[in-house]
Amino acid sequence: MNGYDRLKLQYKENLNTDKALIKIIKYLLNQPEMSDIYLKDEKNIKEMMDYIKSKAKEQAINNVAIIEDQNVYEWAIDYYIKSNEELGITKINNKITFVSDVLPNEIVDVKIINEKKNFNEAKVISYIEKSSDRIENKCPYSDKCGGCDFGYLNYKTSLMYKKNMVVDVMKRYAGLDINPSIISSDNIFGYRNKISLRINDGKLCLIEKNSNDYISISRCLLVNDNINKVIGILNDCDLYGIRDIVIRGTDEIMVIINGDDINNDIICRLDGNVSSIVFNGNLIYGKEYINILVDKFKYAIYPNSFFQVNTDMIRGLYDEVKESAGSGHSLLDLYCGAGTIGIYLADNFGDVHGIEINEDAVTGANVNKRINNIKNISSLDTYSYRYNRTF
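Residues numbered from 1 in each chain as written. Predicted model: local features only at pLDDT ≥ 70, side-chain atom pairs only at ≥ 80, totals over all residues. Heavy atoms only, no water.

Q: Just checking my understanding: could you explain the pattern of salt bridges for this structure?
A: Here the idea is simple: oppositely charged side chains can pair when their charged atoms come close. Enumeration according to the criterion identifies nine salt bridges in this entry. Residue Arg172 is joined to Asp168 by a salt bridge in which the shortest nitrogen-to-oxygen separation is 3.0 Å. A residue pair is termed a helical-turn pair when its members lie 3 or 4 positions apart in one helix, as Arg172 and Asp168 do in helix α5 (residues 155–174) at four residues. A relative accessible area of 55% places Arg172 in the exposed class. Where Arg269 meets Asp265, a salt bridge forms, and the shortest distance between an N and an O atom there is 3.0 Å. One end of the pair, Arg269, and the other, Asp265, are both in helix α7 (residues 264–270), four residues apart, so they sit about a helical turn from each other. The class for Arg269 is partly exposed, based on a relative accessible area of 38%. In this structure Asp265 comes out as partly exposed when scored by relative accessible area, which is 31%. Connected through shared salt-bridge partners, Asp295, Arg315 and Asp319 make up one network. (Salt bridge = Lys/Arg side-chain N within 4 Å of Asp/Glu carboxyl O. Helix = DSSP H or I, 4+ residues; strand = E, 2+ residues; numbered from the N terminus. Buried < 20%, exposed > 50% of the residue type's maximum accessible area, 1.4 Å probe, protein only.)

Q: So what exactly am I meant to see when it comes to the sheet that holds strand β7 (residues 203–207) here?
A: The strands making up a sheet associate through hydrogen bonds between their backbones, and the pairing can be parallel or antiparallel. Reading across the sheet, the seven strands line up as β8-β7-β6-β9-β10-β11-β12 and stay open at both edges, with mixed pairing between neighbours. At either end of the open sheet lies a strand with only one pairing partner, and these are β8 (214–216) and β12 (282–286). Taking the axes of each pair of neighbouring strands and ignoring which way they run, one obtains an average angle of 30° across the sheet. In this sheet, strand β11 (residues 276–279) lies alongside strand β10 (residues 253–259) in parallel orientation, the contact comprising four bridges. Its bridge partner being in β11, Met254 is matched across the sheet by Ser276. Each of β6 (194–200), β7, β9 (242–249) and β10 is contacted by helix α6 (residues 225–235), which is oriented at about 155° to β9, the strand it contacts most. (Pairing = 2+ DSSP bridges. Axes fitted to C-alpha atoms, helices over the stretch in contact; angles between N-to-C directions. Contact = heavy atoms within 4.5 Å.)

Q: What's the story with helix α10 (residues 359–371) in this structure? I'm lost.
A: Note on helix geometry: an α-helix contains 3.6 residues per turn, so any two residues three or four positions apart are oriented the same way. Its 13 residues place the ends of α10 18 Å apart at the C-alpha level, agreeing with the 18 Å of an ideal helix rising 1.5 Å per residue. Every buried residue of α10 is listed here: Ala361, Val362, Gly364, Ala365, Val367, Asn368 and Lys369. Sitting at the amino-terminal end of α10 is Asn358, which places a side-chain oxygen 2.8 Å from the backbone nitrogen of Ala361. Downstream of α10 by a residue or two, Asn373 has a phi angle that is positive, lying close to 55°. (Expected span 1.5 Å × (residues − 1). Polar contact = N/O pair within 3.5 Å; in protein donor to acceptor, adjacent residues only side chain to side chain.)

The following block contains the structure:
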């Protein structure tokens, strides 16, 4: 009986729960330095196991593929690796490998799922050593949905990763060295005021990341409670014939539905629970637009209006813009959309000129100017080039 079989026999139960070590043990026991160890004393087995684990970890730290023996593929283990300082990036046999859901300094068991000419893509089979920054992802769909990419990372650390991503992009593509400030939020859940959903087999679904597969959902942790309430109502409706649904708003909710047909059951169930229903671009229930409150301002949201989806962060973002813009005679609000920033800064300037070409956005901007009683914003129209020439 060779050393590998002996170890497997002695510690069969342990090895079955730690399959990552089987491939490593098989590799290491074939090394000359191990030949005189495993036959000396049965009592040394545990010490040998500890030694093997330490050697395995050393191999992982050096980013070395332990073994490529396809005969042990049944263990569903390809490589034992340690990620480097880049989030989800490592090297396997000196080839860059992108691994989802891995943090720096974690040691994981991975399976290569896509081999490219210059890089590989891999997925995690099991975690050998987890980072102290890793948290339990509370979303039940996190393993498939791409909406919570950093759901397994504590919030403070995730902000640093996001900042580093921005710094890297600006350096790589614009040649700029920047050090942006971070505006953090008190809420990591329930902050979104919009969700876009597809319909499959009569149920509300999200699309699985990197695929066209559907994920049926009963709620989303990222959207506010009022939107989740509507999701629950719609999941009890007959949605056959509907292609997609957008739900947006905070206190007032708008439901935008597209499809071949809409039955009265949907309208009846939503009656009293939403402020507006739009079907294939036509208003069929309630108000033409809904309002979202930011600080002291009300903003009109039409079906196709662009609006920041993170309601909690709008004020912090706009305050940052307000401080940077300062005050003066005139403010030029380029790509103004619904005029939200220009309205927020209007008190600091003699007059504000909004520039926008999207008709729905311009309609919303003029309504926002009226409902907030802003007198120093010029009338908006879709001919933005006129303002460009003037200024």
